[in-house]
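Working through the structure, step by step
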Amino acid sequence: MNRFSFERAGSVAGAVSAIARNERARFIAGGTNLLDLMKENVSRPSHLIDVNRLPLNTIEEQADGGLRIGALVTNSAVAYDARVEQRYPLLSKAILAGASAQLRNMATTGGNLLQRTRCYYFYDTGTPCNKREPGSGCGALAGINRIHAILGTSEKCIATHPSDMCVALAALEASIQVKGPDGERTIPIAEFHRLPGDTPHLDTNLRPDELITSVDLPAKGFARNFSYLKIRDRQSYAFALVSVAVGLELDEGVIREARIALGGVAHKPWRDTKAEAMLSGQRATGESFRSVADAILRDAKGYGHNTFKIELARRAVVRALEQAAGTEVQQ
Ligand SMILES: Cc1cc2nc3c(=O)[nH]c(=O)nc-3n(C[C@H](O)[C@H](O)[C@H](O)COP(=O)(O)OP(=O)(O)OC[C@H]3O[C@@H](n4cnc5c(N)ncnc54)[C@H](O)[C@@H]3O)c2cc1C
Ligand code: SF4
C-alpha cells in the first residue's frame with residue numbers, strides 16, 4: 001500500500017471542493033472495495049476524503065411517489081427498509097444476494113455503484129490489463145476468462161461489472177444524483193456505467209470530481225411480479241456468473257410491460273429494450289419467454305472458457321421470467 005493523506009469531509013460542498021483540488025484524491029465510504037484495491041496496489045490515491053459524516057444517510061419519500069436513497073445508506077439498511085421491501089422487493093432481493101452480512105453492513109449505495117470489476121488480471125499487477133494500465137494489453141482475452149463478458153465487449157476489455165444492486169436498479173430505471181464543482185446533475189442508470197470500447201479504464205460517466213449524493217427510485221416498483229435470479233459457483237458469498245432482474249406488469253396473464261436486466265454478462269448491467277418490447281401484449285408463456293431470451297443473447301460472443309455463459313444466460317432469462325410471472329417458485 002502506498003502512502004496517503006486523509007481528511008474527513010464535513011459537508012457536501014467541502015467534499016466536492018476537496019476532490020476538485022487534487023486529481024489523485026479519492027472519496028472513501030465503506031472502504032470494502034477501495035481498501036482492497038489499495039492493498040493490491042491497483043489503486044494508488046495520494047489522498048483519501050472520508051465521506052461517512054455527510055448527511056446522505058437517509059431514505060426519503062419523493063413527491064412523484066418514488067424513494068430517494070442517500071449515497072451513504074448501507075446496503076443492509078436499503079435491503080431491510082420496510083418501504084423498499086414492500087415497494088421494491090426486487091432491489092431488496094438483489095442486494096441480499098450479494099456479498100455477506102458483514103460486508104453489506106459496511107458497503108454503501110454510492111460505493112456499490114462504483115465498485116470495480118472482479119477480473120483476476122485487473123487485480124494481478126504482474127499481468128497486462130488495459131483497465132488498470134491503459135495500452136498494456138488484456139490478459140483475459142486469451143487467458144482464463146470463465147467469469148468474463150459475452151455482450152458489449154471490445155478487443156480491449158471483456159470485464160464484467162460485478163454489482164447485484166445495479167442490475168436491479170437498471171430494471172427499475174433508477175437515476176443517480178451527483179454533485180460537482182459546476183453544480184448538480186442527474187444520470188439515468190442506463191447511462192451511468194460504460195461499455196469498454198477503446199477506453200476500458202473508464203467504468204462510468206461520473207466525472208472524477210463529482211460526488212454521488214443519492215439514487216432515486218421511480219414510483220413504479222414491480223412489487224407484484226418480479227424476480228432476481230443469481231447463478232454463481234457457490235450458493236452464497238460469490239459474485240454472479242449470470243444474474244437476471246425482471247419486473248413484469250401483468251393484466252390477466254397478458255404482459256403490459258417487461259423489464260429485464262442482466263448481470264455478470266457485460267461491462268455494465270445489460271438491458272435490451274427492443275427485446276423487452278417484444279413481450280408487450282404477449283401472453284406470459286414459456287414460448288414468448290424463450291423468444292425474448294434468444295433475442296437478448298443474439299449477439300453474444302464467448303471467449304473460450306466463458307462460452308457456456310451464453311446458454312446459461314438464455315436459460316436464466318426464461319427462468320427469471322417464469323418466476324416473475326408466478327409460474328415457477330422463487331427461491
Ligand atoms: C469478499 C467480497 C464479496 C463481495 N460480493 C459481492 C457480491 O456478491 N455482489 C455485489 O454486488 N457486491 C459484492 N461485493 C462488493 C461490495 O458490494 C462493494 O465492495 C461495496 O458495495 C462498495 O461500497 P463501499 O461503500 O465499501 O465503497 P468504497 O470501497 O468505499 O468505495 C468504492 C468506490 O466508490 C467511490 N465512492 C464511494 N462513495 C462515493 C460517493 N458517494 N461518490 C463518489 N464516489 C464514491 C470510492 O472513491 C471508490 O472508488 C463484495 C465485496 C467483497 C470484498
Ligand atoms: S478483461 Fe479488462 S479488466 Fe480484465 S485484463 Fe482485460 S482489460 Fe483488464
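Keep in mind the model is a prediction, meaning the values are calculated, not measured.

1. Describing the overall build of the protein chain
Scanning the protein chain from N- to C-terminus turns up 13 helices and twelve strands. Taken over C-alpha atoms, the radius of gyration comes to 20 Å for the protein chain, in line with the 20 Å a tight globule of 331 residues would show. Viewed in the frame of its principal axes, the protein chain has a C-alpha envelope of about 60 × 50 × 35 Å. Looking at the 331 residues of the protein chain, the share that counts as buried comes to 53%. Long-range pairs, those at least 24 residues apart, make up 64% of the contacts in the protein chain between residues at least 6 apart in sequence. Counting every atom, the protein chain has about 14800 Å² of accessible surface; 49% of that belongs to carbon and sulfur.

2. Observations concerning the UniProt feature "domain: FAD-binding PCMH-type" (unreviewed entry) in the protein chain
In the numbering used here, UniProt assigns the "domain: FAD-binding PCMH-type" (unreviewed entry) feature to residues 1–222. Counted over residues 1–222, helix gives 28% and strand 17%. Its end C-alpha atoms are 44 Å apart.

3. Digging into the site of ligand 2
In the region of ligand 2, 15 residues are neighbours, and C119, C129, C138, C157 and I158 sit closest. Partitioning the shell around ligand 2 into residue classes produces ten nonpolar, three polar and two charged.

4. A few points about the environment of Y120
Along the chain, Y120 turns up in helix α8 (residues 120–123). What makes Y120 partly exposed here is its relative accessible area of 35%. C-alpha of Y120 to C-alpha of L103: the two residues are 17 residues apart in sequence and 20 Å apart in space.

5. Some words on empty space enclosed by the protein
Rolling a probe over the atoms, with the probe sized like a water molecule, indicates the empty space that remains. Within this structure, the stated rule accounts for two cavities of 30 Å³ or more. In this structure, the largest cavity spans a volume of roughly 90 Å³. Its residues placed into classes, the lining of the largest cavity shows eleven nonpolar, five polar and two charged. Of the voids in this model, the second largest cavity is the one considered here, and its volume is about 70 Å³.

6. Quick look at the site of ligand 1
Around ligand 1, 32 residues are found, and the nearest of them are F27, G31, T32, T108 and D164. In the model, an oxygen atom of ligand 1 is placed 2.9 Å from a nitrogen or oxygen of the A29 main chain. Take A99: an N or O atom from its main chain is 3.0 Å from an oxygen atom of ligand 1. Among the elements of the structure, β2 (25–28), α2 (34–39), α7 (109–114) and β8 (211–217) are those that each provide at least two residues to the shell around ligand 1. Among the elements that take part in the shell around ligand 1, α7 stands out by supplying four residues, more than any other.

7. Looking at the pairing of strand β6 (residues 175–180)
Of all the six residues making up β6, five are buried; the element is thus mostly covered by neighbouring parts of the structure. Sheet analysis places β6 next to strand β7 (residues 183–188), joined by six bridges and oriented antiparallel. By the bridge assignment, G180 is partnered in β7 with G183. The antiparallel pairing of β6 with β7 creates a hairpin that spans two residues between the two strands. Summarising the sheet, β6 and β8 pair through five bridges and their orientation is antiparallel. Within the sheet, the bridge partner assigned to K179 lies in β8 and is L211.

8. Focus on the domain arrangement of the protein chain
Here the protein chain is described as being made up of domain 1 (5–52) and domain 2 (226–325). Here the C-alpha centroids of domain 1 and domain 2 sit 36 Å apart.

9. A short note on a nonpolar patch on the surface
Taken together, the side chains of M1, F4 and F6 define a hydrophobic patch exposed on the protein surface, amounting to about 300 Å² of accessible area. Along the polypeptide, F4 turns up in the segment before β1 (5–8).

10. Digging into the sheet that holds β8
Read across the sheet, five strands follow the order β4-β5-β8-β6-β7 without closing on themselves; strand pairing throughout is antiparallel. Pairing within the sheet leaves two strands with one partner each, and these edge strands are β4 (59–61) and β7. With direction set aside, neighbouring strand axes in the sheet form an average angle of 25°.

11. A look at the pattern of salt bridges
Pairs can form between side chains of opposite charge once their charged atoms are near each other. If you walk through the whole model with that rule in mind, you get 22 salt bridges. Between E311 and R314 there is a salt bridge whose closest N-O contact spans 2.6 Å. Of this pair, E311 and R314 are both found in helix α13 (residues 308–325), three residues apart, which corresponds to roughly one turn of the helix. Taking relative accessible area as the criterion, R314 reaches 23% and is therefore assigned partly exposed.

12. A look at the sheet that holds β1
Remark on secondary structure: sheet strands pair via backbone hydrogen bonds, oriented parallel or antiparallel. In space, the three strands of this open sheet follow the order β1-β3-β2, with parallel pairing throughout. This sheet does not close on itself; its edge strands, each paired only once, are β1 and β2. On average, each strand axis in the sheet is tilted by 25° relative to the strand beside it, whichever way the strands run. Here β2 pairs with strand β3 (residues 47–50) via four bridges, running parallel.

Parameters and conventions
Residues numbered from 1 in each chain as written. Chains lettered and ligands numbered in written order. Predicted model: local features only at pLDDT ≥ 70, side-chain atom pairs only at ≥ 80, totals over all residues. Heavy atoms only, no water. Helix = DSSP H or I, 4+ residues; strand = E, 2+ residues; numbered from the N terminus. Rg over C-alpha atoms; globule rule 2.2 N^0.38 Å. Buried < 20%, exposed > 50% of the residue type's maximum accessible area, 1.4 Å probe, protein only. Contact = heavy atoms within 4.5 Å. Areas by Shrake-Rupley, 256 points an atom, 1.4 Å probe, with all protein chains shown as cover. UniProt positions renumbered as here; feature names shortened; annotations may be inferred. Near = heavy atom within 4 Å. Nonpolar A, V, L, I, M, F, W, Y, C, P; charged D, E, K, R; others polar. 1 Å grid on protein atoms, 1.4 Å probe; cavity = no way out; pocket = protein on both sides within 12 Å on 5 of 7 lines; lining within 4 Å. Points joined across faces, edges and corners; volume = space filled by probe spheres on them. Polar contact = N/O pair within 3.5 Å; in protein donor to acceptor, adjacent residues only side chain to side chain. Pairing = 2+ DSSP bridges. Domains from an automatic or database assignment. Patch = residues over 30% accessible without salt bridge, like charges linked within 9 Å, V, L, I, M, F, W, Y side chains within 5 Å. Salt bridge = Lys/Arg side-chain N within 4 Å of Asp/Glu carboxyl O. Axes fitted to C-alpha atoms, helices over the stretch in contact; angles between N-to-C directions.

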